[in-house]
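This is what each chain is made of:
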Amino acid sequence: IPPSDQNHFQRFTHLRKQARQLENELDLKLVSFSKLCTSYSGSSSSSQGHRTRDSRSDSLGSSHDNMLVAMTAELEQLLTNLTGVNEKMVEYINIPGGVSHNAALMHTLQRHRDILQDYSHEFHKTKSNFLSLREREDLLGSVHRDIESYKSSTGVNNRKTELFLKEHEHLRNSDRLIDNAISIAMATKENITFQRGMLKSIQTRVTTLANRFPAINSLIQKINLRKRRDSLLLGGVIGVCTILLLLYTFH
């Protein structure tokens, strides 16, 4: 290998290690960010369920907001850094006379691009859902405070007003439960989609290794043939036992 090509390859390997490290950090941060958004929903809903909010609940809400802002900034910075690393890998692959004809490196670069796209989509989706949920909670909290203010200022304590407030609480609780169920379903769908992509990537890598090493491919074929043969033998044994059992039953 010429010294220039070897230097390019070593630099590309170093960038790939940086990309993997950033991807691992992003994966952990996204899980924590999703849990934090979910806990924010539960805490804001429970605090709005009380008639009044004391200074302790206000300080807790402010601390939660600060944590969300800080984690959002960290995730955006990590995505920016990972994008920069991917762009540098593209530059090294496109260097004239470099490693541009190496199919394995091109496949590695494409895999890192797909992972970056998945993480960016998951981050923006979670952030959008959280902002929509917070806006909805703020709107419901404003309505509730207006009702409480009207009740305290006018001194209305009759039966109809109490029934109206109770009905409003029931409707708001039902709405919150529906929103939580939808959020859980969407998060589950995103996780399943991401896992399917990872499994597809693993399957592609296994196929590539099998094609690259004929011995591994031959071993996999032998394993599949043996599994098929065992399945046929087991099916034959079950069939014979079933026939004998039927003959014994009817005679």
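Residues numbered from 1 in each chain as written. Predicted model: local features only at pLDDT ≥ 70, side-chain atom pairs only at ≥ 80, totals over all residues. Heavy atoms only, no water.

Examining the overall build of the protein
Helix and strand counts for the protein stand at five helices and zero strands. Scored against the burial criterion, the 251 residues of the protein give a buried share of 27%. Expressed as a percentage of contacts within the protein between residues at least 6 apart in sequence, the contacts between residues at least 24 apart total 83%. Per element, the accessible surface of the protein, about 17600 Å² overall, is 60% carbon and sulfur. (Helix = DSSP H or I, 4+ residues; strand = E, 2+ residues; numbered from the N terminus. Buried < 20%, exposed > 50% of the residue type's maximum accessible area, 1.4 Å probe, protein only. Contact = heavy atoms within 4.5 Å. Areas by Shrake-Rupley, 256 points an atom, 1.4 Å probe, with all protein chains shown as cover.)

Side note on the UniProt feature "transmembrane region" (unreviewed entry) in the protein
Here the UniProt-annotated "transmembrane region" (unreviewed entry) positions come out as residues 232–250. For residues 232–250, the end-to-end C-alpha separation is 27 Å, with 100% helix and 0% strand making up the annotated structure. (UniProt positions renumbered as here; feature names shortened; annotations may be inferred.)

Side note on the environment of His64
The topology assignment puts His64 in helix H2 (residues 55–93). Placed 27 residues apart in sequence, His64 and Cys37 show a C-alpha to C-alpha distance of 9.3 Å.

Comments concerning the pattern of salt bridges
Overall, the coordinates contain four salt bridges when judged by the stated rule. Among the ionic pairs, Glu74 bridges to Lys29, the shortest N-O distance being 2.7 Å. Taken as a pair, Glu74 in helix H2 and Lys29 in helix H1 (residues 3–48) lie far apart in primary sequence, 45 residues in all. Among the residues examined, Lys29 registers a relative accessible area of 29% and is labelled partly exposed. Where Glu76 meets Lys127, a salt bridge forms, and the shortest distance between an N and an O atom there is 3.2 Å. A residue pair is termed long-range when its members are at least 10 positions apart, and Glu76 in helix H2 and Lys127 in helix H3 (residues 103–154) qualify at 51 residues. The class for Glu76 is partly exposed, based on a relative accessible area of 34%. (Salt bridge = Lys/Arg side-chain N within 4 Å of Asp/Glu carboxyl O.)

Comments concerning a nonpolar patch on the surface
Together, Val240, Ile243, Leu244 and Leu247 line one region of the surface with nonpolar side chains, adding up to about 380 Å² of accessible area. Structurally, Ile243 is set in helix H5 (residues 214–250). (Patch = residues over 30% accessible without salt bridge, like charges linked within 9 Å, V, L, I, M, F, W, Y side chains within 5 Å.)

With respect to the nonpolar core
Counting 27 residues, the largest nonpolar core has Leu26, Phe33, Leu75, Met89 and Tyr119 as its most contacted members. Only H1, H2 and H3 provide two or more residues apiece to this core. Here the element with the most residues in this core is H2; it accounts for ten residues. Beyond its immediate stretch of four places on either side in the chain, Leu75 contacts Leu26, Lys29, Leu30, Phe33 and Phe123. (Core = buried A, V, L, I, M, F, W, Y, C linked by side-chain atoms within 4.5 Å.)

Quick notes on the environment of Tyr119
By secondary structure assignment, the location of Tyr119 is in helix H3. Taking C-alpha positions, Tyr119 is 7.4 Å from Leu26, a pair spaced 93 residues apart along the chain. Not counting the four nearest positions on each side in its chain, Tyr119 is found in contact with Glu23, Leu26, Asp27, Leu30, Leu79 and Phe194.

Regarding the side chain of Glu23
Along the chain, Glu23 turns up in helix H1. The charged side chain of Glu23 is buried without a salt bridge, its nearest counter-charge being Arg111 at 5.4 Å. In terms of polar contacts, Glu23 uses its side chain to reach the side chain of His112, at 2.7 Å. Sequence-distant contacts of Glu23, defined by excluding residues within four places in its chain, comprise Leu82, His112, Ile115 and Tyr119. (Lys, Arg positive; Asp, Glu negative; His and termini not counted. Polar contact = N/O pair within 3.5 Å; in protein donor to acceptor, adjacent residues only side chain to side chain.)

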